[in-house]
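Below are the chains, spelled out letter by letter.
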Amino acid sequence: MVDRGRISVERRESIYVPKDEKLRVEIIQLHHDTLIAEHRGQWKTVELVTRNYWWPGVTKKVKRYVEGCNQCQRMKNRAEKLAGKLRPNQIPERLWQHILVDFIMKLPMSKGHDSILVICNRFLKMSHFVATTKKNDSRKIGEVV
Ligand SMILES: [Zn+2]
């Protein structure tokens, strides 16, 4: 530890691990899978491994290992919000009040058209199919609808 005024710089020697996949995986396991390591996340495992060891790509290797860890995947906390309750769609009361619009694309070119615009009336499930091209912009599609 070198003290330069108010800034302390700690210098540590790391052990270079030769290109031996089995050895590198074993080191990661010791710093991730053991009771002391407690299957902590990717960055904590990187920190623990690099306290004493280093090799080119150590961070990437640890990341892949932790992503593939079966126990971590099962205990993983969900970062995203849980989906809310399902809500049924509003029931239409008259024809063409609610429509569904979708495209069938990447079809073989036929008479200058390579896509089909599908317009479905939710009230009767009646559908209209309009030949179009994938190059049509929203304004042209709006004119068709
Ligand atoms: Zn794990």
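Residues numbered from 1 in each chain as written. Predicted model: local features only at pLDDT ≥ 70, side-chain atom pairs only at ≥ 80, totals over all residues.

### Describing the environment of Ala131
Heads up, the condition is: To qualify as a helix, a DSSP run of H or I must reach at least 4 residues; to qualify as a strand, a run of E must reach at least 2; elements of each kind are numbered from the N terminus. Residues are scored as being in contact if the C-beta atoms we place from backbone atoms lie within 7 Å.
One can find Ala131 in strand S7 (residues 127-132). Residues within four places of Ala131 in sequence aside, it is in contact with His113 and Ile116.

### Things to note about the sheet that holds strand S5 (residues 99-104)
Inclusion rule: The criterion for strand pairing is that DSSP finds at least two bridges linking the strands in question. Helix axes are fitted to C-alpha atoms over the stretch in contact, other axes to C-alpha atoms as well, and angles between N-to-C directions run from 0 to 180 degrees.
In spatial order, the strands read S5-S6-S7; together these three strands make up an open sheet with antiparallel pairing. Edge positions in the sheet fall to S5 and S7, since each has one partner strand and no second. Ignoring strand direction, the axes of neighbouring strands in this sheet form an average angle of 20°. The pairing of S5 with strand S6 (residues 115-121) spans six bridges and is antiparallel. Note on S6: the bridge partner recorded for Asp102 is Val118.

### Remarks on the environment of Ile99
Structurally, the position occupied by Ile99 is in strand S5. Separated by 46 residues in sequence, Ile99 and Val145 have C-alpha atoms that sit 9.9 Å apart. Beyond its immediate chain neighbours, meaning those up to four positions away, Ile99 contacts Ile119, Cys120, Asn121 and Arg122.

### What about the confidence of the model for the protein chain?
The test is simple: By definition, pLDDT measures how confident the predictor is in each residue, and it falls between 0 and 100.
Residues at a pLDDT of 70 or more form 87% of the protein chain, whose mean pLDDT is 84. In this model, residues 1-5 is a region of pLDDT below 50 whose contacts with residues beyond four sequence positions or in other chains number six contacts.

### So, the nonpolar core
Just so we agree on the cut-off: We define the nonpolar core as any set of buried residues of the types Ala, Val, Leu, Ile, Met, Phe, Trp, Tyr and Cys, connected via C-beta atoms lying within 7 Å of each other. The burial criterion counts other C-beta atoms lying within 10 Å of a residue's C-beta, which is placed from the backbone; the residue is buried at 20 or more, exposed at 12 or fewer, and partly exposed between these limits.
Residues Ile27, Ile28, Val46, Val49, Val62, Tyr65 and Val66 constitute the largest nonpolar core, which totals seven residues. Counting only elements with at least two residues in this core, the list comes to helix H1 (21-32), helix H2 (42-50) and helix H3 (58-67). Residue contributions to this core peak at three residues, all from H3. Contacts of Ile28, omitting those with residues within four sequence positions, involve Thr45, Val49, Lys61, Val62 and Tyr65.

### Here we look at H2
Put simply, the test is: Summarising the geometry, the arc corresponds to the directions from the helix axis toward the C-beta atoms.
For H2, the full list of buried residues reads Thr45, Val46 and Val49. Projection of H2 onto a plane perpendicular to its axis shows the buried side chains occupying an angular sector of 105°, all on one side. The inward-facing, buried residues of H2 abut H1, strand S4 (53-54) and H3.

### A few points about H1
Here is the rule: What a helix should span is 1.5 Å times the count of its residues minus one.
Look at H1: 16 Å from first C-alpha to last across 12 residues, which is about the 16 Å you get at 1.5 Å a residue. Residues Arg24, Ile27, Ile28, His31 and His32 constitute the buried set of H1. Projection of H1 onto a plane perpendicular to its axis shows the buried side chains occupying an angular sector of 120°, all on one side. In H1, those exposed residues whose orientation departs by more than 90 degrees from the buried face are Lys22, Val25 and Glu26. Looking at the buried side of H1, the elements it contacts are H2, S4 and H3.

### Brief notes about unusual backbone geometry
Unlike most non-glycine residues, Lys111 shows phi in positive territory, near 50°. Relative to the helices and strands, Lys111 is located in the loop between S5 and S6. On the neighbour-count criterion, Lys111 (6 C-beta atoms within 10 Å) is exposed. Its identity is not glycine, yet Lys125 carries a phi of approximately 65°, on the positive side. Mapped onto the elements, Lys125 comes out in the loop between S6 and S7. Classification of Lys125 by C-beta neighbours within 10 Å gives exposed; the count is 8.

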